[in-house]
Amino acid sequence: MTSTASRFRLTDLPLPVLGAPMAGGPSTPALAAAVTDAGGLGFLAAGNRPVAGVRADVEAVRALTGGPFGVNLFVPQAANTAAPGSAVDPAVHLSVAAYREALEDTARRYGVELPGTDPADDDGWAAKLELVEELRVPVVSFTFGLPAASVLERLAAAGTTTSVTVTSVAEAEAAVRVGADLLTVQGPAAGGHRGTHRAEDVPGEEPLVELVAAVRAAVGVPVVAAGGIASAAEADTVLAAGADAVQIGTLLLRTPEAGTSAAYRAALGSGRYPETAVTRAFSGRLARGLRNGFVDRFTDMAPAAYPQVNQLTKPIRAAAAQAGDPEAVALWASPSFAAAREVPAAEVVHGIRRAPAGP
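The rules behind these values
- In this numbering scheme, every chain counts its residues from 1 along its sequence in written order.
- With pLDDT at 70 or above as the cut-off, local features in this predicted model cover only qualifying residues; side-chain atom pairs require 80 or more to be listed or tallied, and sums for whole chains, interfaces and linings still use all residues.
- In computing side-chain properties, one takes all heavy atoms of the structure into account and sets aside hydrogens as well as water.
- Helix and strand assignments follow DSSP, with helices taken as H or I runs no shorter than four residues and strands as E runs no shorter than two, numbered in order from the N terminus.
- A radius of gyration in this sense is built from C-alpha atoms; the matching globule rule multiplies 2.2 Å by the number of residues raised to 0.38.
- For the exposure calls, accessible area comes from a 1.4 Å probe over protein chains only, and a residue counts as buried if that area is under 20% of its type's maximum, exposed if over 50%, partly exposed in between.
- For this analysis, residues touch if any pair of their heavy atoms sits within 4.5 Å.
- Throughout, the Shrake-Rupley method with a 1.4 Å probe supplies accessible areas, and for residues the shown protein chains are the sole cover considered.
- The criterion for an aromatic pair is that two Phe, Tyr or Trp rings (for Trp, the six-membered ring) have centres within 6.5 Å, with stacked assigned to planes under 30 degrees apart, edge-to-face to planes over 60 apart and tilted to the rest.
- Placement of a positive charge over a ring is assigned whenever Lys NZ or Arg CZ falls within 6 Å of the ring centre and within 35 degrees of the normal to the ring plane.
- Strand pairing is assigned whenever DSSP detects at least two bridges linking the two strands.
- For helices, the axis comes from a line fit to the C-alpha atoms of the stretch in contact; other axes are also lines fit to C-alpha atoms, and the angle between any two N-to-C directions lies between 0 and 180 degrees.
- In plain words, nonpolar cores are sets of buried Ala, Val, Leu, Ile, Met, Phe, Trp, Tyr and Cys residues tied together by side-chain atoms within 4.5 Å.
- Computed over the protein atoms alone on a 1 Å grid, cavities are sets of points where a 1.4 Å probe fits but cannot get out and pockets are open sets with protein on both sides within 12 Å along at least five of seven lines; a residue lines them when it has an atom within 4 Å of a point.
- Grid points are joined across faces, edges and corners, and a volume is the space filled by probe spheres set on the points.
- Any residue outside Ala, Val, Leu, Ile, Met, Phe, Trp, Tyr, Cys, Pro, Asp, Glu, Lys and Arg is labelled polar, Gly included; the first ten of those are nonpolar and the last four are charged.

Trainee: For this particular structure, what's the right way to read the overall build of the chain?
Mentor: Within the chain one finds twelve helices and eleven strands. For 359 residues, the compact-globule estimate of 2.2 N^0.38 gives 21 Å, and the C-alpha radius of gyration of the chain, at 19 Å, lies within 12% of that figure. Principal-axis analysis of the C-alpha atoms places the extent of the chain at approximately 65 × 45 × 40 Å. The buried share among the 359 residues of the chain stands at 53%. Considering only contacts in the chain between residues 6 or more positions apart, those separated by 24 or more positions represent 68%. Of the roughly 14600 Å² that the chain leaves accessible, carbon and sulfur atoms contribute 54%.

Laid out in structure tokens, this is it:
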């Protein structure tokens, strides 16, 4: 087994700032490398990305930077030790069918057909685990569930540091029990998906500062604070509460290195959408984004069914983005989205935390 001393530690970073993994396009190799080269830890998002694409992304990051980086994996229900049994719930099946019917008019308007759904889709879980192990990725984080201890042990043996996203003290304690090296503690203002360990769970509203302090008191592993952090002052506050580092995502969406779509970028800076909302409408999992027409129309109808809802809405989202229409795009963002600027990622990182002055 690789020695613990040779594995990545948060204290290795010049700056305690992580770039959040943002699936669906924003997290590019260029963005990950830029965050790392600025002194932080850049991340790639492997969720809903083909295995070959993840391999290419890792190789691209390594061509751009010699520093550490991470890869984030979605934990499918079949591999999620926090999820209930795999038996199909008839009620969920019926609710997905009803949601399909509700989406039909919107699909026709965008000229697309709704696909079939597969609740057993595991996002290439086994192949992606083999890949990050083979490539000896410095940091691998997990979202949407709690992998088995054997998974974390396997990656540790390959020299990888592991992290699990948590939204409560109970989830934090469970993650530490299975061997997580780090915890990403996600507060209620987080943009994008909430990292509850079960799709049907509704996370609490405890402010990030209080949640970080509670997790720090309960566990003994390093903690990364995430969710709506938009200034150096906010970073200072959560670090003072016990976090060892902070994670930023929304602030990076408008940087030139991000792969954020044109429609998404325009919406963030347009002033057209003044507020965010939490919804299951796009994926079946609770997530925070700009409140657009799709959110208003479908939030009350969407079931807690991931990945089925995500599969259903994918062609609509793609068609809307292609047409430059933000009304049916998942515009994931924290309430602090107005702070996101069209500046290089390094400038964003340095605005959150600067290296101490030399002697």
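Trainee: Help me understand the environment of Ala174 in this model?
Mentor: Along the polypeptide, Ala174 turns up in helix α6 (residues 169-177). Spatially, the C-alpha atom of Ala174 lies 27 Å from that of Pro68, the residues being 106 residues apart in sequence.

Trainee: In this structure, what is going on with the packing of aromatic side chains? I would like to understand it.
Mentor: When we look at a pair of aromatic rings, we describe it by the centre distance and by the angle of the planes. Evaluated as defined, the whole model comprises seven aromatic pairs. Ring geometry for Phe74 versus Phe144: centroids 4.3 Å apart, planes at 25°, classification stacked. One end of the pair, Phe74, is in strand β3 (residues 69-74); the other, Phe144, is in the loop between β4 (139-143) and α5 (149-157), and 70 residues separate them in sequence. Taken individually, Phe74 and Phe144 each receive the classification buried, so the pair is uniform in this respect. Three or more aromatic residues joined by ring pairs form one cluster here, namely Tyr99, Phe282, Phe294, Phe298 and Trp332. Geometry around Phe144 places Arg285 over its ring, the cationic atom sitting 4.2 Å from the centre.

Trainee: What am I meant to see in the sheet that holds strand β6 (residues 182-186) here?
Mentor: Across a sheet, strands are paired by hydrogen bonds formed along the backbone, either parallel or antiparallel in direction. Spatially, β1-β9-β8-β6-β5-β4-β3-β2 is the arrangement adopted by the eight strands of the open sheet, whose pairing is parallel. The sheet terminates laterally at β1 (17-19) and β2 (42-45), the two strands that pair on one side only. Across the sheet, the axes of successive neighbouring strands diverge by a mean angle of 25°, strand direction being ignored. Contacting β1, β2 and β3, helix α1 (residues 29-37) crosses the sheet at an angle of about 160° to β2.

Trainee: What is the right way to look at the nonpolar core in this model?
Mentor: A general feature of soluble globular proteins is that nonpolar side chains tend to end up buried together. Val71, Leu73, Tyr99, Phe142, Leu183, Ile229 and Phe294 are the most contacted members of the largest nonpolar core, which has 96 residues in total. Ignoring any residue separated from it by four or fewer positions in sequence, one finds Leu183 in contact with Ser163, Val164, Val166, Ala172, Ala175, Val176, Val215, Val219, Val221, Pro222, Val223 and Val224. Formed by ten residues, the second largest nonpolar core is a distinct cluster that contains Phe8, Leu10, Leu13 and Leu18.

Trainee: Quick question: what am I supposed to make of the layout of surface pockets here?
Mentor: To find the voids left in a structure, one rolls a probe of water-molecule size over its atoms. The space that makes up the second largest pocket amounts to roughly 160 Å³. Lining the second largest pocket are eleven residues, and of these Phe8, Arg9, Leu10, Leu182 and Pro222 lie nearest its centre. Looking at the lining of the second largest pocket, its residues break down into four nonpolar, three polar and four charged.

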